[in-house]
Amino acid sequence: MTDLHAIEPHLASDPEQADALIDLSNVVRDTGIGGSHARSLDRLGLVVDALARRTGDRNVMVYALADRSLRHSVHEYPGRLEPALLTGWVRAGLVEELSDADERLLDLAEMLGLPVVSRDGFADFRLTHPWIQGNTTQFLAPAPTRVRAVKLVERDMGTRSPAQISRKLEESDLKAHGLLAGRNRKPMTEVVRRYWRCPERGCTLYDSRKGSAVLLPRMRRGVPVCELHRTPLTDDGPRTGITQLKLLVDGVCVQRFTLDADSTVLLGREPGPGGISLYGHVPPDRLRPISRAHLSIRVSAHAVDLRNLGGNGTLLLSNGAGRPTPLADQDYVRLHVGDTAELTDGVHLTRSGRRFPAEIAAAWRGRHKHQSPPKSASARTVLGPNPADNQ
């Protein structure tokens, strides 16, 4: 399909009218097909042709979703026609444009059961969309053939470990804040390794003196700016090393905690000022066997160590070990990436997948308002393996 205008009749304005979903940003940037330009709409035409052959329907319809950034960097297209054509499709409702299209794309794929044309592994969405794990039929990748045409190949999405998923989630946070640079999307380490301060009076979003967890700056035209006031931030010195811990309930990450190096913090049901409270993140029936101060977490320049304080104890499952072992009460024990600490049945603490000290304070902190626990959270810990029996 060399005539780009011939693509338009195949673009559905309603996903329920489509035979497939197109990850348009991914397809347009796929240099493995359709020439050497960084971006090309001709690749969409090749994919539509391949779908027509696959379905046996010359009038095949697709629903295309694109990141808003796809219309930027117009010099990467073969000519001015293509970005202008793309803009026309967006305005006509033939391409759905979002700041980040992945979530909407996967929501539609799950609801409608439509195939998805994309090479993306969607590792950062495998917690919210567990159906991706092990999927071998719903995702299609365009592959070149000996002739100019492409074919669509079913992808084995495989499975991703918690560490791999965590690493991808952190990369997505950086992407959302404009902190991935270049074609290889590398983190802007010169920005993320420093503290920043907002010049607006009273703004503490980036103030390292107000706590160990601070926001990453949002980039605007290469300049770090305050997410709230949109004013350029002031360099506030080098950022200390940080690590990130994940709280999992029944295998699902419900919260993340970031800690500075050279710090020690208590974690539990209600550990007191400066501690990490699990209230509001763990169901009430799971909270009762967790002590008010259950763990002591010590972060150093190159490690994270844990010491049990809980009356019911804590089990540590080392990566690759067959059985968990009780965590020591007197001495700190190293928590490596891939290790899991079990606070009670179904409630676990793990390290982020990004190895220290390259771990970065994630921007999700600013999206979660602190919830103060009620007085009931300071009640006595229920001891024993079956707290329900003591009700």
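Given the structure is predicted, the values throughout are model-derived calculations rather than measurements. (Residues numbered from 1 in each chain as written. Predicted model: local features only at pLDDT ≥ 70, side-chain atom pairs only at ≥ 80, totals over all residues. Heavy atoms only, no water.)

J.: Could you give an account of the packing of aromatic side chains, naming the residues involved and the relevant values?
T.: Evaluation of the coordinates by the stated rule reveals 2 aromatic pairs. Measuring from centroid to centroid gives 5.8 Å for Phe 122 and Phe 139, while their planes differ by 45 degrees, and the two rings are tilted. In this pair, Phe 122 is assigned in the loop between strand E4 (116–117) and strand E5 (139–144) and Phe 139 in strand E5, connecting sequence segments 17 residues apart. For the residue pair Phe 122 and Phe 139, the accessibility class agrees, reading buried in each case. Measuring from centroid to centroid gives 5.7 Å for Trp 131 and Phe 139, while their planes differ by 15 degrees, and the two rings are stacked. (Phe/Tyr/Trp six-rings, centres within 6.5 Å; stacked < 30°, edge-to-face > 60°. Helix = DSSP H or I, 4+ residues; strand = E, 2+ residues; numbered from the N terminus. Buried < 20%, exposed > 50% of the residue type's maximum accessible area, 1.4 Å probe, protein only.)

J.: If you had to explain the side chain of Asp 102 to someone new, which residues and values would you point to?
T.: Examined against the element boundaries, Asp 102 turns out to sit in helix H4 (residues 102–112). Relative accessible area serves as the criterion here: at 7%, Asp 102 is assigned to the buried category. When residues no more than four places from it in sequence are discounted, the contact partners of Asp 102 are Asp 23, Asp 120, Phe 122 and Phe 125. (Contact = heavy atoms within 4.5 Å.)

J.: So what's going on with the sheet that holds strand E21 (residues 333–334)? Residues and values would help.
T.: In a beta sheet, neighbouring strands pair by backbone hydrogen bonds and run either parallel or antiparallel. Strand order in this open sheet of 5 strands is E16-E15-E17-E18-E21, and the pairing throughout is mixed. The open sheet has two edge strands with one neighbour each: strand E16 (276–277) and E21. In this structure, strand E15 (residues 263–268) lies alongside E16, joined through 2 bridges in parallel fashion. In the sheet register, Leu 267 faces E16, and the bridge partner there is Ile 276. (Pairing = 2+ DSSP bridges.)

J.: Any chance you could break down the pattern of salt bridges for me, citing the residues and the numbers?
T.: In this structure the tally under the stated criterion is 10 salt bridges. Taking the shortest distance from any N to any O, the salt bridge between Glu 96 and Arg 104 comes out at 3.0 Å. With a shortest N-O distance of 3.1 Å, Asp 250 and Arg 286 are connected by a salt bridge. Here Asp 250 is found in the loop between strand E13 (242–249) and strand E14 (252–260), whereas its partner Arg 286 is found in helix H7 (residues 284–287), with 36 residues between them in sequence. Counted as one network, the salt bridges with shared partners bring together Arg 68, Arg 71 and Glu 97. (Salt bridge = Lys/Arg side-chain N within 4 Å of Asp/Glu carboxyl O.)

J.: An account of the side chain of Asp 339 is needed here, citing residue identities and associated values.
T.: Along the chain, Asp 339 turns up in the loop between E21 and strand E22 (340–344). Buried within the structure, Asp 339 lacks any salt-bridge partner; its nearest side chain of opposite charge belongs to Arg 351, at an N-O separation of 8.1 Å. Among the polar contacts made by the side chain of Asp 339, one reaches the main-chain amide nitrogen of His 336 at a distance of 2.9 Å. Look past the residues within four positions of Asp 339 in its chain and what remains in contact with it is Leu 316, Leu 317, Ser 318, Asn 319, Arg 334, Leu 349, Thr 350 and Arg 351. (Lys, Arg positive; Asp, Glu negative; His and termini not counted. Polar contact = N/O pair within 3.5 Å; in protein donor to acceptor, adjacent residues only side chain to side chain.)

J.: Give me the lowdown on the sheet that holds strand E6 (residues 150–154), citing residues and values where you can.
T.: The 6 strands lie next to each other as E3-E2-E1-E4-E5-E6, forming an open sheet whose pairing is mixed. Two strands bound the open sheet, and with one partner strand each, they are strand E3 (95–98) and E6. The pairing of strand E1 (residues 20–23) with E4 spans 2 bridges and is classified as parallel. Within E4, the residue paired with Leu 21 across the bridge is Val 116. Here H4 sits on the sheet and contacts E1, strand E2 (62–67), E3, E4 and E5; the angle it forms with E1, its principal contact strand, is near 165 degrees. (Axes fitted to C-alpha atoms, helices over the stretch in contact; angles between N-to-C directions.)

J.: Summarise H4; cite the residues concerned and give the values.
T.: Among the residues of H4, Asp 102, Leu 105, Leu 106, Leu 108 and Ala 109 are the ones counted as buried. Summarising the axial view, the buried residues of H4 lie within an arc of 160 degrees, below the 170-degree limit, and thus occupy one face. In this fold, the buried residues of H4 make contact with E1, E2, E4 and E5. Looking one or two residues beyond H4, the residue adopting positive phi is Gly 113, at roughly 70 degrees. (Arc of directions from axis to C-beta.)

J.: Before we move on, could you go through the environment of Leu 152 and cite the residues and values that matter?
T.: Tracing the backbone shows Leu 152 in strand E6. Counting along the chain gives 99 residues from Leu 152 to Arg 53, while the straight-line C-alpha distance between them is 9.6 Å. With residues up to four places along the chain from it excluded, the contact list for Leu 152 reads Val 47, Ala 50, Leu 51, Arg 54, Val 117, Leu 140, Ala 141 and Pro 142.

J.: How would you explain the nonpolar core if you had to name every residue and give the values?
T.: Among the nonpolar cores identified, the biggest contains 33 residues, and Ile 22, Leu 24, Leu 51, Leu 86 and Trp 89 are the most heavily contacted of them. For this core, the secondary structure elements donating two or more residues are E1, helix H1 (24–28), helix H2 (42–55), E2, helix H3 (81–91) and E6. Sorting elements by how many residues they give to this core places H2 first, with 7 residues. For Leu 24, the residues in contact, after removing those within four places along its chain, are Leu 44, Ala 64, Leu 65, Ala 66, Leu 70, Leu 86 and Val 95. Core analysis: the second largest hydrophobic core is formed by 24 residues, Val 249, Val 265, Ile 297 and Leu 316 among them. (Core = buried A, V, L, I, M, F, W, Y, C linked by side-chain atoms within 4.5 Å.)

J.: Let's hear about the environment of Tyr 279: which residues, and what values?
T.: Structurally, Tyr 279 is set in the loop between E16 and H7. Measuring from C-alpha to C-alpha, the distance between Tyr 279 and Arg 269 comes to 5.8 Å, with 10 residues separating the pair along the chain.

J.: Residue-level account of the pairing of E2, with values.
T.: Summarising burial for E2: 6 of the 6 residues are buried, a large majority. In this structure, E2 lies alongside E3, joined through 4 bridges in parallel fashion. Its bridge partner being in E3, Ala 66 is matched across the sheet by Glu 97.

J.: Residues and numbers for the pairing of E22, please.
T.: The buried fraction of E22 amounts to 4 of the 5 residues, a majority that puts the element mostly inside the structure. Here 3 bridges tie strand E19 (residues 315–317) to E22, and the two strands are oriented antiparallel to one another. Across the sheet, Leu 315 pairs through a bridge with Glu 342, a residue of E22. Pairing analysis gives 4 bridges linking E22 to strand E23 (residues 347–351), with the strands arranged antiparallel. Within the sheet, the bridge partner assigned to Ala 341 lies in E23 and is Leu 349. Two successive antiparallel strands, E22 and E23, enclose a turn made up of 2 residues, where Gly 346 displays a positive phi of approximately 85 degrees.

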